[in-house]
Amino acid sequence: MTTLYPFTDLIMVHTKVRHELITDKNARRRTFKKRKSSLLKKLHELKALCNVDAFAIIYERDETQPDVWPSPLEAFSSIQRFNNLPHTSKTSHMINGEGFFRQNLSRLTANLDKEKHKVQLMEMELLLANCLDKNDVCDVSDPNDLQALLRLLERKLPMVNGKIAAIESSGSTAIEITNEDTKKS
């Protein structure tokens, strides 16, 4: 028997990292060095692959001078270029935390509204199917539901009439309604 991953015992499983201060000073220092190295590597990749200016200034609490990557001269040059931009160019793509959350909230609200609309349509389709299945008058007491049911029937009626016409022209007695027909309505 061949396994898909013959070296599964070598695969590292990533656990969720808790973002809180590491109490052990030595462990904190090791983690800082690893993460700093990873961050600078990612900045280097971003700069090389996307042809953008990138720099980092990292202040350590115990150090008197910050670490500047790739060099203080390149970082200063990037800061100067940014400062020389007109105010509108500097601030056009900036966003603070409140703006970020406001943007996400409006996007999520729009998605929620779309999903609510889809659910309402499916509920009306289910109500229509139940009414047709019972072969009697459905008990719908909400006028809004009745209006929605009427709109659904009006959208479905051309599809049904098209199927009837196709059957009558072909002389067949079988009715085949595909899932694509119901999606069109």
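Residues numbered from 1 in each chain as written. Predicted model: local features only at pLDDT ≥ 70, side-chain atom pairs only at ≥ 80, totals over all residues. Heavy atoms only, no water.

- You'll find the protein entered in an unreviewed UniProt entry as AGAMOUS-like 87, with Forsythia ovata given as the organism.
- Note on the protein: under the UniProt heading Subcellular location (unreviewed entry), the record states "Nucleus". (UniProt positions renumbered as here; feature names shortened; annotations may be inferred.)

1. What to know about a nonpolar patch on the surface
Inference 1: A cluster of nonpolar side chains, contributed by Phe55, Ile57 and Tyr59, occupies part of the molecular surface with about 320 Å² of accessible area.
Inference 2: Locating isoleucine 57 in the fold gives a position in strand 1 (residues 56-58).
Inference 3: Taking relative accessible area as the criterion, isoleucine 57 reaches 38% and is therefore assigned partly exposed. (Patch = residues over 30% accessible without salt bridge, like charges linked within 9 Å, V, L, I, M, F, W, Y side chains within 5 Å. Areas by Shrake-Rupley, 256 points an atom, 1.4 Å probe, with all protein chains shown as cover. Salt bridge = Lys/Arg side-chain N within 4 Å of Asp/Glu carboxyl O. Helix = DSSP H or I, 4+ residues; strand = E, 2+ residues; numbered from the N terminus. Buried < 20%, exposed > 50% of the residue type's maximum accessible area, 1.4 Å probe, protein only.)

2. Observations regarding the pattern of salt bridges
Inference 1: This structure, assessed with the given rule, holds ten salt bridges.
Inference 2: Note that arginine 102 and glutamate 98 form a salt bridge whose closest N and O atoms lie 2.3 Å from each other. Taken together, the residues arginine 102 and glutamate 98, both in helix 4 (residues 97-134) and four residues apart, mark about one turn of the helix. In this pair, the class of arginine 102 matches that of glutamate 98, namely exposed.
Inference 3: A salt bridge links lysine 118 to glutamate 115; the nearest nitrogen and oxygen atoms lie 3.4 Å apart. Of the two residues, lysine 118 and glutamate 115 are both situated in helix 4; the distance of three residues between them amounts to about one turn of the helix.

3. Some points on the packing of aromatic side chains
Inference 1: Scanning the model with the defined rule gives one aromatic pair in all.
Inference 2: On the numbers, 5.4 Å between centres and 70° between planes, the contact of phenylalanine 100 with phenylalanine 101 is edge-to-face.
Inference 3: Residue phenylalanine 100 is classed as partly exposed on the basis of its relative accessible area of 39%.
Inference 4: Note on phenylalanine 101: relative accessible area 58%, which makes it exposed.
Inference 5: Positioned over the ring face of phenylalanine 82 is lysine 90, at 5.9 Å from the centre of the ring. (Phe/Tyr/Trp six-rings, centres within 6.5 Å; stacked < 30°, edge-to-face > 60°. Lys NZ or Arg CZ within 6 Å of the ring centre and 35° of its normal.)

4. So, the side chain of lysine 156
Inference 1: Considering the arrangement of structural elements, one finds lysine 156 in helix 5 (residues 143-170).
Inference 2: Judged by its relative accessible area of 11%, lysine 156 is buried.

5. Overview of unusual backbone geometry
Inference 1: Residue proline 70 is bonded to the preceding tryptophan 69 through a cis peptide linkage, with omega at 0°.
Inference 2: Structurally, the position occupied by proline 70 is in the loop between strand 2 (67-69) and helix 2 (72-83).
Inference 3: The backbone phi angle of asparagine 51 is positive, close to 55°, even though this residue is not glycine.
Inference 4: With respect to the helices and strands, asparagine 51 occurs in the loop between helix 1 (25-50) and strand 1.

6. Side note on helix 5
Inference 1: Here helix 5 is 28 residues long and its end C-alpha atoms lie 40 Å apart, about the 40 Å a rise of 1.5 Å per residue gives.
Inference 2: The principal kink in helix 5, of about 30°, is found at lysine 156, preceding the proline proline 158 by one to four residues.
Inference 3: Directly beyond the C-terminal end of helix 5, a positive phi value near 80° is found at glycine 171. (Expected span 1.5 Å × (residues − 1). Bend = angle between axes of the 7 residues up to and from the residue.)

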